[in-house]
Structures are given as C-alpha cells and as structure tokens.
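Reading the structure
Next come the chains, spelled out residue by residue.
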Amino acid sequence: MNAAFRIPGAGRLSQAKTASFSFDDKSYTGIDGDTLASALLANGVHLVGRSFKYHRPRGFLSAGAEEPNALVQIVRDDARKTPNVRATVQELYDGLTARSQNRWPSLAFDVGAVNDLASPMFSAGFYYKTFMWPKSAWKNLYEPQIRSAAGLGVSPDRPDPDHYAARYAHCDVLVLGGGAAGIAAALAAAETGVRVILADEQAEFGGSLRFESGARIDGENGFAWAQAAIARLKAMDNVRVLSRTTAFGYYAQNFVGLVERVSDHLKNPGKELARERLWQVRAKRVVLATGAIERHMVFANNDRPGVMLASAARTYLNHYGVAVGRNVGVYTANDSAYAAAIDLKKAGVNIAAIVDLRDNPSGAVIDEARGLGIEINFGRAVVSAGGKLRVSSMTVQPKNGGGGRTIPVDAILMSAGWTPSVHLFSQSRGKVAFNEETRRFVPGTHAQDCVSVGACNGTDGLDATVDEAYAAGAKAAKEAGGKDSSVKAGKGAKPKVDAGESWSRGMLGAAPGAGPGTTVKAFVDFQNDVTAKDIRQAVHEGMHSIEHVKRFTTNGMATDQGKTSNMHGLAIAAEVLDKPIPQVGLTTFRAPYTPVTFGSIVGHARGALFDPTRRTATHGWASAHGAVFEDVGQWKRAWYFPKAGEDMHAAVNRECVTVRKTAGLFDASTLGKIEVVGPDAAKFMELLYTNPWEKLEPGRCRYGIMLREDGFIYDDGVVGRLAQDRFHVTTTTGGAPRVMHHMEDYLQTEFPHLNVWLTSITEQWAVIAVQGPKSREIIAPLVEGIDMSDEAMPHMSVREGKICGVPTRLFRMSFTGERGFEVNVPADYGEAVWEALWAEGQKHGATAYGTETMHVLRAEKGYIIVGQDTDGTVTPNDAALDWAVGKKKTDFVGIRGMMRADLVAKGRKQLVGLKTTDPKVVLEEGAQIVEDPKQAIPMKMIGHVTSSYWSQNCGRSIALALVAGGRDRMGQTLYVPMPNGTIEVEVTGMVFVDEKGERLNG
Amino acid sequence: MLLIRCPYCEEERPELEFRNAGEAHIARPTNIAGESDDDFEKFFFIRSNPKGVIYERWRHIHGCARFFNAVRDTVTDKFVMTYKAGEPKPAKLPGASK
Ligand SMILES: [Zn+2]
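Residues numbered from 1 in each chain as written. Chains lettered and ligands numbered in written order. Predicted model: local features only at pLDDT ≥ 70, side-chain atom pairs only at ≥ 80, totals over all residues. Heavy atoms only, no water.

Considering the overall build of chain A
Selection criterion: Helix and strand definitions follow DSSP, with helices as H or I runs of at least four residues and strands as E runs of at least two, each counted in order from the N terminus. In this scheme, a residue with accessible area under 20% of its type's maximum is buried, one over 50% is exposed, and one in between is partly exposed, where area comes from a 1.4 Å probe on protein chains only. When checking whether two residues touch, look at their non-hydrogen atoms; a contact exists if any pair is within 4.5 Å. With residues, only the protein chains shown are counted as cover, and all accessible areas are computed by Shrake-Rupley using a 1.4 Å probe. By the counting scheme adopted, Arg and Lys are positive, Glu and Asp are negative, and His together with the chain ends is not counted. In this description, the location of a charge corresponds to atom NZ of lysine, CZ of arginine, CG of aspartate or CD of glutamate.
Each helix and strand in chain A was counted, giving 23 helices and 52 strands. Considered along the principal axes of its C-alpha atoms, chain A spans approximately 115 × 75 × 55 Å. Taking all 1002 residues of chain A together, 58% fall into the buried category. Contacts in chain A between residues at least 24 apart in sequence constitute 67% of all its contacts with a sequence separation of at least 6. Accessible surface computed for chain A: about 39600 Å², of which carbon and sulfur atoms make up 52%. Mean positive and mean negative side-chain charge positions of chain A (113 and 110 charges, respectively) differ by 3 Å.

Listed below in structure tokens is the structure:
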C-alpha cells in the first residue's frame, strides 16, 4: 500500500520492498532505502518533536546531518534506547521503533509549551539572569526544574550491550565527502595508484546529486554517474570506500577521526557486527569535499512543522519519491529554491507561490518556473507562517512594508543561500577568509597538507567543481608519491559535465518583518531556540564579540553546532554593531562535526579491558585461601586473609600478632625491581642515591633513598649488591616506572660516560617475604647452597643459591622489625615455592598476611612509606633519615637542592609518632593537627596525620604524623579537631615496638 | 595526534609512544654542590616559555626508550626537527629564513 505522500514514479527507491515501523506507538509503512524522516513524511507526518526551551512543535528542517529539529529516540530493546537520533540520518529498517522527545504528556499537547507563552522570561542570557538569586534555589529549585523541563532525549539506563570496533589506517590521499567533488578527486588520485580512502556520511554516495535532477555527467544522470564511479573505485585494490562514515575531527598532522555506522540501519545486526567503527586515519594529503549547507530564512514562526529547506524538499522528492505537501509555498533569496518548486510542480504538487526577496532577478530557472505557471512575487517577504502543529499559511508583504495577504499552504520551502561547510577545514587550523562579493566564509590559508574543493571551497557550478576536484585529486596524489597520471580518454579520464546546476548569493541575517524593533519569534538557531531578537538583545546588553554573543544566547552551541544558524547569527550581530562581518568574526569550529557516541570513542576499552590488571604469581593461591584483594595501581594485592567468622579488623589483628609471635608469609612481588649492572654500577648508584655504595661489599644490602634534584624524597628501597658490578635495586610498588625513567634520564643525558645498563626485573622475580622469629626455620629446610646462620648471613645481606631446586636471590631484610627474609625466585616458580614455604610455615603456626598487616607492622617500627608518609615536600632530615645520607659525598642527585635555605630552616614539618590520650581512639589519616584547640576558626594547622592504625601488638592505636618542629615537641600534647570532637594526642618517637631493634635477630 | 621522528629509530612514530621531558640544553652543573643560590635557581627552576620555537627533551619511552632533543613550535605544535641527546643546539632550523 502506498503511503499518502509517496508519488508513484518519483524517487529512486523500489516501492516493492516495504518496512513497517512505529513512531510514538503508531504504526506506519515505509520502504527500503527510506530514512525515518522520508518514511514519516511519506505518511504525512511533519510534527516530530518539541523544542529545547519553548517546547514549540517542530518538524523536519533538512534531509541530512545538519538537522536541528527532528531528534528522536530509537528504541531497539530495554538496553538500546538511543536518544537524539536525527530522523533525517536514521535509515529505516523493518520494525524500527521511534519516540518523540521533550514532550509531556504527548507530542500534540505538551504542558511545557507554557514556556512559549512565558518566553520573555527565557530571553537571551536567561540562564545567567533569571536564576541568579537566591543562591540556594539554584540547587534545590532551578536546576532540577530546568533539567526536567529542558534537555533533549533520555539517556539509556542500562550498560550499552553493543560493541564498537576500531581501526587505524594510513593512506596517501584521504577524500572527505562523496559528492561530485569528492568522487572526482578520488578518481583522479586513485588512477595514480596511491592508497586512497573516500568517506561519506550518507548511505549512498552522490551528495547533492541526490537532489540535483538537472545534473548530467559522462552522459548519465548525475546520481547514476556517482554510483558507477563508486563501483569503479570499489573495484580498485588501492581504494577504500567508506559509506555511512562521518569525518568528525581533523587533528594535527593530517590525523582524521571518522565514525562508521556499521549496523544502526539493520533490522537484526546480530552479535557479530559492531555497532560503529572508529577509524583513525593518518593521511599524507587530505582533500576536503564537504559541500555546502543551505540556510533557512529568518522570519516569524519559521519553525512551524512543514517549513523546511528547499533542498530538503527536493531530496525527499527526487531521491525518496515523497512530496512534503500538496500545496507548497516557496520563500527564497536565491535561485536554488526555484529548482525545488519546478521539480515539485512537475511531480504534480501545487506551488501556491514563490516569494522572492530579490527585486528583479532573472535566469533560466526563473523563466522555467514562470513557464510552468507558478506565481512568482519579487521584492516580497514572507513575514509570518500560520498554523501551530503544522504550517497552514504564509503571510506575504512587500519587503519594504505595506499591505499583505495570507496564502494557505501546507509546507513552506525556504532558501537564504548556501554556507560552505568549512568545519573540518577550520578544525585543521586553517584560516577562513570572508568573500565580500559572495558574502561567505571560504577556506583561506591552509595549515595542513590539505586542499578544499567544490562547494566547501566556494566553487560554484558542477563543471567548475569537477574540474577543480579532479585537478586537486591528481595533485594530492602526486605530492603523496603517486605516479604522474597522464589523463587518458575513457576509463579514469576526467569526468565530463554535460549539465549542472549553479547558484550562489542569497542573504544573511533576519528577513523583513523580523528586523530590529520586532519581537516576533524568528528563529536563527532552532535547536537552542535562539531568535533574531535574542541576538540583538545580547549585543545591546554589551556582548560585542561573536564568541560572547554565542555564549550569552547559546546560538550555535547545540548538538548541530550551528550548521544552519552561525552565519545568520553573525550577520544579525554585525548589523546591530554596524560593523562588517569579518570584524565581528566567526566562532571557532570544534570537533566533533556531528555528535559521536561514547561507545565509538571507548571502543574495546571497557570493563576488564579498560585498564590492564596485574596479578602476582600467588594470586590463585591467595584467592583459594580467601584473600580479600585491594587495588594498588594496576596490581591486585592480597589485602588480608580472613578466617571463617573474622572481619577485617579481627583478621589483621591475628595476622599482626602471629607474625611477631611465630612468622608470616607475604607476597612482596609488586615491589619494583631494577638491576643496575656494569663496571660503573657503583658510581651510578652513588649519584642516584643519597647513600654511599662504593664500599658496600658484595653480598650486603643497604636501605637507599633517592631524591629529586630539588632535595625531596622521591623513592626508597633496599638495594642488594650481588657482585662488584651488579646491584639488585628495589623500589616502591607505585614508583617502579618513574624510578626507572628517572634513572634512565640521568644515565642517558647527564652521566652518559658511565658504563651501566639498567633492566626492569619487576616481573621476572616473584618475592615471598617470610618474616618473624621462625622465619629462618621455615626457609632453611628448602634452601641449598646458602649458609643461613647469623654469622654467615647477618641482617641486611643477600645470597644467591637454590630454594626448592630453583634459583633464588635470598635477601635477609625486614620491613616488620622481626628477623626476616625475602625470597626472590623466577616468577614462574613463585606459586610453587610459596606453597612449599607455606607447608613449612604450617609446622610453626605461621600465617599468610596481606598489605594491611604489612602496613601496621611497618608503622609499629616507624618505617615510612614513600608517598604516604612523604608527599614530595619531605627531605631526608624531615623523615629522620639523615643517617642514610652520605656525609662525605660530593655529588648525588638532590645534594644541592637539600642545601636550599628553606630546606634547612628551623620549624620544618618533621615525621614523629603520635599516641592518642585515649588508646582506643584511632586517628584518621590526613587529619589536621593544631596546638591550641580553643583558637578561632580557621585554626593554625601545624601538621597532619600520615599513617594511623590499631596496633594489636601495642594494645593501642598508633600514628605517624608530619608536625612543624616535631622532634622538638617530644611529650607535648597536641590536638586533632574532628567533626565529632577534638582528639588529644601526645608527640612521641616513631618506633612503637622494640625500640632497640633486638628482634631483627630474635 | 602528532607524529614525532625518533632520531634513534629514524622514523616517525605516533605521539603516544613518547613522553615530554622538559626543556633541553640545560646541563647539570658538574660541581653542583658548589653552585650559588642564584646559579642553582637558574639551573633548576627557570625555564623559557616562548611563543614559537622551543627546544625540548623527549623520550621514546614506548619504543627504543632513548631520550632525544626536539625543536617544536608552540604556536602550531609542529615539530621542526629532532636530534640525538648530546648533539648541539642546531645553528639553523630547516625552513628558517636565517
Ligand atoms: Zn626510538
């Protein structure tokens, strides 16, 4: 069954293949190849949405990507409810379900339309003025109200079930835009053999050839020629042709982002197909063939459904076979709307009248229209459109005023002229230039290796366009290294334009009846509901730069980025300012050209693939033994090992006590490890760490501090000297990459004379810390070739040998204050060795412990954690680590920084211990410390808590803190003001357990 | 995304493989411990921030891992040229008029 407005014989779609769809729960029938817009229009539906601010009824303005009005929600299922889809872009598929947006309770009766009546409230800058006072009302009243009343579609409320593909591509010539210009450029470039990518946002190539019924190229109808040319390009190995692909961003060095809509047009895409594909293309040369966009006329009620661009009506007729009305008025300031009137008239649609603002235009199309018996009115203006949910009439007056008449119509086609699409050119940092004669911005200075051709370059006429584009394509290919293509006759030759359409000029700004002093709603920006009056008001209120006018009125700031509104807005502002347009300036075009889904940008990088997860060798064992994990950077680390019935507190208490009583096993594999090797290894270590290294004997370890050149602590860790020329350096878990970077920087650029190699070995060695009085007894039975007696292997020593038959670097070191070892084994053996040690440990009642217990045990000993107890402004002296700075050294990174006046001044914050007066109170890390809790707010803060834990071993809470002049305050009472009251604390030393360090050999 | 030529790999690679490492041609004093406050300030804190050509250190961190020097135009973001660490500041830039 034919829809009422589908004209038999018109258009290119096969009427045999139908597709049923629904809009606002009503069923309709369209045909294969329709967009949602053309299918609705075929059924006589113009009203499809409500506007953003005034909730005015809206229809289709365009037939393409520039559409500001016809935004709908496409619903596939519960999870797939895509808002703000342009109905003019969405291709129809059988079963498509669409809903209108921004209306309640229904599209035809929308309560929010009261905003239209209250519109004086919503004039330019209303966001800034109306909702200024009182402040609290913004949060409680205005914002929720605005958010519910304004806005576009509704976000889906479930995770996106679709997947999105991504491709990187390189090519010699990237052609953006697949109209006559783009195709001609691609043909010329492709013939030379270079790699060409041609992309167009539409489902079918051809651009304006879709509606230009008069175009003939190489003896064929223009659109048919385009399809044949595309088929030829597709058959070439060096050409990639991408349809439904929008170039949305033009970045540095000819890097262009494109989104290909892969499956939004399919009924059942299936799980295999991505929804969209992001193309990141690097091109040697870019040819911009992005065309031009028609502008609307700015007159009262120009937003009524049924009022649309002339080229859109022509597209609906010539491509989709749809008449946008039965009795159509035309309002124009240039020739192109005549072609629409002629095509419609020939298809049997009545043209009520053509209203032409120009006084005495002449030309072939005008003659042709007249010859078809169409009424033409020169020097007249449409001052108002009648009707509400659908245009019903147009009121026509002489443009300089005088009596008017009202002509009944069911559609108005308008054309104020064409705006070259310089968006991508401008994004490439090219400078546009204003052509005074044609009153349009065209590409001026190019900033990148690109060229603009055709309508986007301000080139008028099909013949000139094809000439220019073909030459540019050939030149780009040659510059990109293509063979010099001598133009042959026949295949690959320059297309010959037999007939084409050409028009330029038109008008910018408000039409008569909407000029200065009028208060009518003549829309400039449909999507953001900005009228000509709003723009004038903005200028009157002091916005003299177009960037200010734009932000004050929001003109051009909607999702359509002002494709139809920018030039009108600019012209109106320029008129009020009485300045030439170029002096008022054009706003900057920014990516994306059309909205891009988050899905296509995110691609596969979501869920588990968002960021790498690093797991240690014992991860599986820890999981099996009930470990709770915490994220430390990208690492998953066992946090604590609760037994049945234990909460975190109980588990940590047990682990802490067990380690000091018998022993504990801890996976320390995430510590950064760097091997420093070479004849000058010790010299390098001397320069990178504060400590002396030359005299450290092989087999011994030392706690090292690394500074930045500014004298502040950068990292720390235990370093073992394995041989005269070999150090095994450990770093903090989070610091591993930056320490390596820091070392490489100095080695490569400041100390390149040193013969040293640096190798990251973090992932090569699994590290099992065995700590506690029983640690040696647990390890010894498994070790071969290492004498582990205190005499042979004292605290802070390292030995190489075997454990469980595999190589080990066995460190005797302690981060708990207990006798302790760290067993390094090749990571592949990590889990097996852990299991063997665990089995031995069970004989002694040892526990596995996690990072929380590790933190508590080290805090009990006052061992600092760089990045927790230090913050990039802490010197070794501040951290009570002066002993680790080689006093006789004449150079190391940070030596001069440490001498700076402020770094040696009295009263610096120093690391101390804190004990709460009430031993049960555990301080909050980060809490501020004051001397006098009774002082006025804001109080003078003299420091803050850096580490704080409950210590079961001490039977009380313990804390470390940075306090101004801290070491001179031993025994002083200080205060920690908290929301629930002030906590009293005593300043103490940093060691809470075994102050003499006897347990290291215990 | 910029393309940066690594002078060690001798090819242009995407920006993501590189990391900026601050201004170039600022040598660490050989007797740094003996530097005056003023000299240390100049060495450590003072950096140029030109509108136009800047000499920078970059590292091909996700490639060959080497540090090198680059000349970049802060207005256009364009890399004028790159050269190996330790090589002198180029006397003449490609495309420069003098
Ligand atoms: Zn490299």
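Now, onward.
With respect to the side chain of T35 of chain A
Relative to the elements of secondary structure, T35 of chain A occurs in the loop between β2 (26-31) and α1 (36-42). The residues contacting T35 of chain A, other than those within four sequence positions of it, are A87, T88, Q90, E91, L92 and Y320 of chain A.

Side note on the domain arrangement of chain A
Residues and elements named next belong to chain A. Formally: Each domain's limits were defined by an automated method or a database of domain assignments. Here the quantity called buried area is the total loss of accessible area, with a 1.4 Å probe, experienced by two parts when brought into contact, counted for both.
For chain A, the assigned domains read domain 1 (1-159), domain 2 (164-292 + 421-499), domain 3 (297-415), domain 4 (508-577), domain 5 (667-858) and domain 6 (865-1001). Summarising the inter-unit geometry, the C-alpha centres of domain 3 and domain 4 are found 24 Å apart. Contact with domain 3, which involves 13 residues of that partner, is made by 14 residues of domain 4. Carbon and sulfur atoms supply 69% of the area buried between domain 3 and domain 4, which totals about 930 Å² over both sides.

Structural notes on helix α22 (residues 830-842) of chain A
Residue and element names in this part refer to chain A. Heads up, the rule is: Multiplying 1.5 Å by the helix residue count minus one yields the expected span of that helix. Arc definition: directions from the helix axis to the C-beta atoms.
Along its 13 residues, α22 runs 18 Å from first to last C-alpha, staying within 8% of the 18 Å computed at 1.5 Å per residue. For α22, the complete set of buried residues consists of G830, V833, W834, L837, W838, E840 and G841. Along α22, the residues classed as buried sweep out an arc of 160 degrees about the axis, all on the same side.

A few points about the coordination of the zinc ion
Residues and elements named next belong to chain B. The line we're drawing: Only nitrogen, oxygen and sulfur atoms within 2.8 Å of the metal, or 3.2 Å for Na, K and Ca, are treated as donors, and water is left out, so sites may look incomplete. In these descriptions, tetrahedral denotes four donors with every angle between 85 and 135 degrees, square planar four donors and octahedral six donors with opposite donors over 155 degrees apart and the rest between 65 and 115, and irregular any other case.
Protein coordination at the zinc ion: the donors are C6 (SG), C9 (SG), H60 (ND1) and C64 (SG), at 2.0 to 2.3 Å from the metal. One way to put it: the 4 donor atoms around the zinc ion meet at angles of 106 to 116 degrees, and that makes the site tetrahedral. Each donor residue of the zinc ion lies on one chain, and together they are spaced C-x2-C-x50-H-x3-C. Taken together, the positions of C6 in strand β1 (residues 3-6) and C64 in the loop between β4 (53-59) and β5 (67-73) put the pair 58 residues apart, joining distant regions of the chain.

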